[in-house]
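Chain by chain, the residues run as shown.
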Amino acid sequence: SFTASLLGCYCIPTTTYGCASGDHITNVTVPATINPLNNETGTCLNASYSDYMYLPAPAVQIGIPVSISVSVNNGGTEYAGAWIDYDVNGTFDPSEFITLTDADGFAPWIYVGSIAPPPGAVIGTTVLRVRSSYSTVIDASSACSNAFLYGETEDYLIEIQPPPVPRQRQHL
């Protein structure tokens, strides 16, 4: 299976103090048409990492943007970011980063962005990584960083589907 074959390839980042102080992800939502994800979570499952790759993978199509929302518990000034391993090489490249923004910069911390699989993304199942961090902005190169003091990393499966086929015009 996909999970067994690639799971060992992905880094499992840690934080200095984990997420016991409240700096954890509380919800990840991807309102896909097939297998929409709305995962309400509590504290971290294991120190600062939680594996949710057993959940059904939301399906997204190349070239069709789908929103993503990440809520973070209010342990202070919180940040969030996400990646999708579009080339299925077992790493989260900076080019695979999904910028997430909070509307007002204050709690409640609800970060939103857009998943838009690019042309050339590998069709099939891959990994969506979501991270939270207390007081440190998450940038494109921090998918595997161990430099955060507090926060959480969550991994999910996501299904990349081909772009929609243009409809043929009917000639009457």
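See the structure above.
Analysis parameters
Every chain begins its residue count from 1, and numbering advances along the sequence as written. Owing to the predicted nature of the model, reporting of local features is limited to residues with pLDDT of at least 70; listing and counting of side-chain atom pairs is limited to 80 or more, with chain, interface and lining totals taken over all residues. Only hydrogens and water are removed before side-chain values are computed, so all heavy atoms of the structure are retained for them. Two strands qualify as a pair provided that DSSP identifies no fewer than 2 bridges between them. Secondary structure elements are taken from DSSP: a helix is a run of H or I of four residues or more, a strand is a run of E of two residues or more, and numbering for both begins at the N terminus. Burial classes: relative accessible area under 20% of the type maximum marks a residue as buried, over 50% as exposed, and values in between as partly exposed (1.4 Å probe, protein chains only). Charged-residue counts in this description rest on Lys and Arg as positive and Asp and Glu as negative, His and the chain ends being excluded. By definition here, a salt bridge exists when the distance from a side-chain nitrogen of Lys or Arg to a carboxyl oxygen of Asp or Glu is within 4 Å. Residue contacts are counted whenever heavy atoms from the two residues lie within 4.5 Å of one another. We call a set of buried residues a nonpolar core when its members are Ala, Val, Leu, Ile, Met, Phe, Trp, Tyr or Cys and they connect through side-chain atoms within 4.5 Å of each other.

Now for the sheet that holds strand β9 (residues 109-115). The pairing of strands in a sheet comes from backbone hydrogen bonds and takes either a parallel or an antiparallel form. If you walk across this open sheet you meet the five strands as β2-β1-β5-β9-β8, and the pairing is antiparallel. Two strands in the sheet have a free side with no partner beyond their single neighbour: β2 (37-40) and β8 (101-102). Relative to β2, strand β1 (residues 25-30) runs antiparallel, the two being bridged by four bridges. Bridge pairing in β2 places V28 opposite N39.

This part takes up the side chain of E152. Its location among the elements puts E152 in strand β11 (residues 151-161). Despite being buried, E152 has no salt bridge partner; R131 is the closest side chain of opposite charge, sitting 9.8 Å away. Ignoring sequence-local partners within four residues, the contact set of E152 consists of C19, D23, H24, I25, C44, S48, S50, V130, R131 and S132.

The next subject is the nonpolar core. Note that soluble globular proteins tend to have their nonpolar side chains buried in a common cluster. If you look at the biggest cluster of nonpolar residues, it comprises 27 residues, and the most contacted ones within it are I68, I115, L128 and V130. Ranked by residue count, the leading element in this core is strand β5 (residues 66-72), at four residues. Sequence-distant contacts of L128, defined by excluding residues within four places in its chain, comprise V30, I68, A82, W83, I84, E154, D155, Y156 and I158. If you look at the next biggest cluster of nonpolar residues, it comprises 12 residues, including A57, W83, F97 and V127.

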